[in-house]
Amino acid sequence: MKCLHLVKALTLPDCWVAAGFVRDAVWDSLHGLSMMPPWGDSDVVWFDAGQTQVATDGLIERALRKQAPERRWSVKNQARMHIRNHDAPYTNVAHAMRHWPETATAIAVRLNNDGHIEVNAPFGLTDLFQLTLRPGPPFQGTKKPVFDERVRKKKWLFRYPQLQLVREIP
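Not measured: the values here are computed from a predicted model.

Draft legend 1. Spotlight on the environment of Gly20. Assignment of secondary structure puts Gly20 in helix H2 (residues 20–30). Classification of Gly20 as buried rests on a relative accessible area of 7%. Considered as a pair, Gly20 and Asp43 are 23 residues apart in the sequence and their alpha carbons are 7.4 Å apart.

Spelled out as structure tokens, the structure:
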């Protein structure tokens, strides 16, 4: 919750805590593992087509590190990430997440103005809660080697032995 409050205080447009921050917490819980910080980064994603400078993300990361130095913060304005990913421009964070490598990673959360947790999950939550590791649509074709490398490098099948690897979307 501390992370969600810190990110809300940034008041960035279309801003969420995403990816492994959410996925690992759920998979750890479903595997009976104790609560621990995310294995990787605490990913903050936001969208503002008018502020696509990489330096802006760096300033935000530094501000978050000052307030929560125990986290490895990674901040990315999704308005520019289509360039790195060789995609057409994204229109918002949810659209960008449709281009992420795994369906269970394409999930983000934030605190709304009422203090409730809001979920952004363009592929739904089923894969996350059913322990299904599945590539997102772009990673079933020419980008499939990227998905395969992530599965190997991140050792999800070792860390989470109940995961079911599925290589296509129904």
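Draft legend 2. Highlighting unusual backbone geometry. The backbone of His86 shows a phi angle near 60°, a positive value even though the residue is not glycine. Positionally, His86 belongs in the loop between helix H4 (78–85) and helix H5 (93–97). Given a relative accessible area of 72%, His86 falls into the exposed group. One non-glycine residue, Leu131, adopts positive backbone phi at about 55°.

Draft legend 3. Examining the environment of Leu10 more closely. Locating Leu10 in the fold gives a position in the loop between helix H1 (2–9) and strand S1 (16–18). The spatial distance from the C-alpha of Leu10 to the C-alpha of Leu64 is 9.0 Å, given a sequence separation of 54 residues. When neighbours within four sequence positions are excluded, Leu10 is seen to be in contact with Ile60 and Leu64.

Draft legend 4. Inspection of the packing of aromatic side chains at higher detail. According to the stated counting rule, one finds 2 aromatic pairs in the structure shown. Ring geometry for Trp27 and Trp156: centres 6.4 Å apart, planes at 85°, overall edge-to-face. Of this pair, Trp27 sits in helix H2 while Trp156 is found in helix H8 (residues 156–159), placing the two residues 129 residues apart along the sequence. Comparing Trp27 with Trp156, the two get one shared label, buried.

Draft legend 5. Layout of the side chain of Asp57. Examined against the element boundaries, Asp57 turns out to sit in helix H3 (residues 54–67). You can call Asp57 buried: its relative accessible area is 2%. Side chain to side chain, Asp57 and Arg80 meet in a polar contact 2.7 Å long. Those residues in contact with Asp57 that sit more than four places away from it in its chain are Trp46, Val75, Lys76, Asn77 and Arg80.

Draft legend 6. Molecular detail of the sheet that holds strand S2 (residues 42–46). Across the sheet, which stays open at both edges, the 5 strands sit in the order S3-S2-S1-S4-S5 with mixed pairing between neighbours. The open sheet terminates on both sides in strands that have one partner only, identified here as strand S3 (73–77) and strand S5 (117–120). Averaged over all pairs of adjacent strands, the angle between strand axes in this sheet comes to 30°, irrespective of strand direction. Bridge count between S2 and S3: 5 bridges; the pairing is parallel. Bridge pairing in S3 links Asp43 to Ser74. With respect to the sheet, H1 is in contact with S1, S2, S3, strand S4 (108–111) and S5, its orientation differing from that of S4 by roughly 75°. Against the sheet, H3 makes contact with S2 and S3, and its axis sits at roughly 150° relative to S3, the strand it touches most.

Draft legend 7. Expanded view of the nonpolar core. Membership of the largest hydrophobic core comes to 30 residues, with the highest contact counts inside it found for Trp27 and Trp73. Elements represented by at least two residues in this core include exactly H1, H2, S2, H3, S3, S4 and helix H7 (144–154). Aside from chain neighbours lying at most four places away, what touches Trp27 is Ala104, Leu128, Leu131, Thr132, Leu133, Trp156, Tyr160 and Leu163. In terms of nonpolar packing, the next biggest core, distinct from the first, is built from 14 residues, Val45, Ala79, Tyr90 and Met97 among them.

Rules behind the numbers
Residues numbered from 1 in each chain as written. Predicted model: local features only at pLDDT ≥ 70, side-chain atom pairs only at ≥ 80, totals over all residues. Heavy atoms only, no water. Helix = DSSP H or I, 4+ residues; strand = E, 2+ residues; numbered from the N terminus. Buried < 20%, exposed > 50% of the residue type's maximum accessible area, 1.4 Å probe, protein only. Contact = heavy atoms within 4.5 Å. Phe/Tyr/Trp six-rings, centres within 6.5 Å; stacked < 30°, edge-to-face > 60°. Polar contact = N/O pair within 3.5 Å; in protein donor to acceptor, adjacent residues only side chain to side chain. Pairing = 2+ DSSP bridges. Axes fitted to C-alpha atoms, helices over the stretch in contact; angles between N-to-C directions. Core = buried A, V, L, I, M, F, W, Y, C linked by side-chain atoms within 4.5 Å.

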